[in-house]
Amino acid sequence: MTPPLPGPPVDLRSDTVTRPDARMREAMARAEVGDDVLDGDPTMRALEERIAGLLSTEDALWVPSGSMGNLIALCVHLDRGDRFLAPDHAHILEHEVGTAAWLAGGMPRALPWTAGPGAVSPSDVTRAVARGGPYFALRDRLLCLENTHNAAGGTVTAPREHRALVDAAHAAGLLVHLDGARLWNAAVALGVPVAELAAGADSVQVCLSKGLGAPVGSVLAGGRAFVGEARRVRKMLGGGIRQGGVLAAAGLVALERVDRLAADHEHARLLAAGLADRGWRTAVPRTNIVVLPVDDPSHTVSVLAERGVRTVPTGTGVRMVTHHDVSRADVLRAVAAFPAPD
Ligand SMILES: Cc1ncc(COP(=O)(O)O)c(C=O)c1O
């Protein structure tokens, strides 16, 4: 058996495992605060305005997590008896405990990836929308997009494809919500402003706690009326945070780190190339997620864990995510820990 790696484990389970560094903790300690449920918190407001500006939306709302941001958007957009469409294996379909259905009241419909990994085509959207059914038919109401697509391996949707999907959805009478948990990664990979990847969407959720390294927080953005409703739903869900500026301050520091994501993407390519050299078959990653197909994901994950490399199983493979706390040297150590393919 290969011995464990010398040194601390390399944690590739997710880009959510990063710890706030001294600069971020200091910004949190010094944050100017108010009561956001009563009359506002200046640091939360500064973050919300900053992100609304970056996404070119009228307004934005800080929320504790990406899952809550997605849920609030769906609660605002959907009524009971409505249906929403999303690319197969979207986070909102599989990893949010079904809240889209049991709290937002929407029936999900997964669209197969006909336009590449994680991607659906505008004609799929048009075809999926049922029109003129009997009174007991579901009402198609919303398209949920995900950029980057996590389960597909951090794949990106470029501005032109994004815009074509939004236009097809709107033409079919659907609203569009964008789960942009890693929209920053997509923007860096494509070399475009995040606003181009959010253009036309009726709501957008972006995470600060993934590759950007904040300990907590997402922002939900959209039109002024949408954000007003979203604020009410956030309160209904218990998500009104009083002196949230302590948390939003970390988000403002996180925003300074968008360009740094290019290093994570380079590390992911290095990881994939190292695995390919060792005989594994894996796609070249576009961003910071590598999904390696294996026969028995749980077994491979436990073998790697014994060798000091932490990963997570997916349905068909092992997922590895590069992030701020993983260096080039860590990636090379991780490659060395891999067993030979069968
Ligand atoms: C694509 C996507 N959307 C939403 C979320 C949910 O974010 P959170 O963990 O902050 O609830 C995640 C989390 O990994 C994600 O990958």
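Now for a look at the structure at hand. Just so it is clear, the model here is predicted, and its values are computed rather than measured.

A few words on the overall build of the protein. Within the protein, the regular secondary structure consists of 14 helices and 12 strands. Its C-alpha atoms give the protein a radius of gyration of 20 Å, within 12% of the compact-globule value 20 Å for 342 residues. In the protein, which comprises 342 residues, the proportion classed as buried is 49%. Taking contacts inside the protein between residues at least 6 apart in sequence as the whole, the part at least 24 apart equals 74%.

So, on to the site of the ligand. In the vicinity of the ligand, the residues found are S65, G66, S67, N70, H91, E146, N150, D179, A181, C207, S209 and S218. Its residues placed into classes, the shell around the ligand shows 2 nonpolar, 8 polar and 2 charged.

Where helix 1 (residues 22-30) meets helix 11 (residues 245-255), the closest approach of the two axes is 7 Å, and the angle between their N-to-C directions is 140°. As summarised for this structure, helix 1 and helix 11 are arranged oblique, according to the angle between their axes. In terms of crossing hand, the pair formed by helix 1 and helix 11 is right-handed. Residues R23, M24, A27 and M28 of helix 1 form the contact with helix 11, whose participating residues are V246, A249, A250, L252 and V253. Considering only residue class, the contact of helix 1 with helix 11 consists of 8 nonpolar, no polar and 1 charged.

This part takes up the nonpolar core. In terms of nonpolar packing, the biggest core is built from 81 residues, with I72 and V219 touching the most fellow members. Broken down by element, this core gets its largest block of residues, 8 residues, from helix 11. In contact with I72, other than residues within four places in its own chain, are V63, L220, A230, V233, R234 and L237.

Before going further, it helps to examine the environment of V194. Tracing the chain through its elements places V194 in helix 9 (residues 194-198). C-beta crowding within 10 Å serves as the criterion here: with 21 such atoms nearby, V194 is assigned to the buried category. Excluding anything up to four places from it in sequence, V194 contacts L54, L55, L183, W184 and A187.

Helix 12 (residues 261-277) packs onto helix 8 (residues 183-190) with a crossing angle of 80° between their chain directions and a minimal axis gap of 9 Å. Considered as vectors, helix 8 and helix 12 are oriented roughly perpendicular to each other. Between helix 8 and helix 12, the contacting residues are W184, N185, V188 and A189 on the first element and L261, A262 and H265 on the second. In terms of residue class, the contact of helix 8 with helix 12 is made up of 5 nonpolar, 2 polar and no charged.

Calculation rules
- Residues numbered from 1 in each chain as written.
- Predicted model: local features only at pLDDT ≥ 70, side-chain atom pairs only at ≥ 80, totals over all residues.
- Helix = DSSP H or I, 4+ residues; strand = E, 2+ residues; numbered from the N terminus.
- Rg over C-alpha atoms; globule rule 2.2 N^0.38 Å.
- Buried ≥ 20, exposed ≤ 12 C-beta atoms within 10 Å, placed from the backbone.
- Contact = placed C-beta atoms within 7 Å.
- Near = placed C-beta within 6 Å.
- Nonpolar A, V, L, I, M, F, W, Y, C, P; charged D, E, K, R; others polar.
- Axes fitted to C-alpha atoms, helices over the stretch in contact; angles between N-to-C directions.
- Parallel < 35°, antiparallel > 145°, perpendicular 65-115°, else oblique.
- Left-handed = near helix turned anticlockwise from the far one by under 90°.
- Core = buried A, V, L, I, M, F, W, Y, C linked by C-beta atoms within 7 Å.

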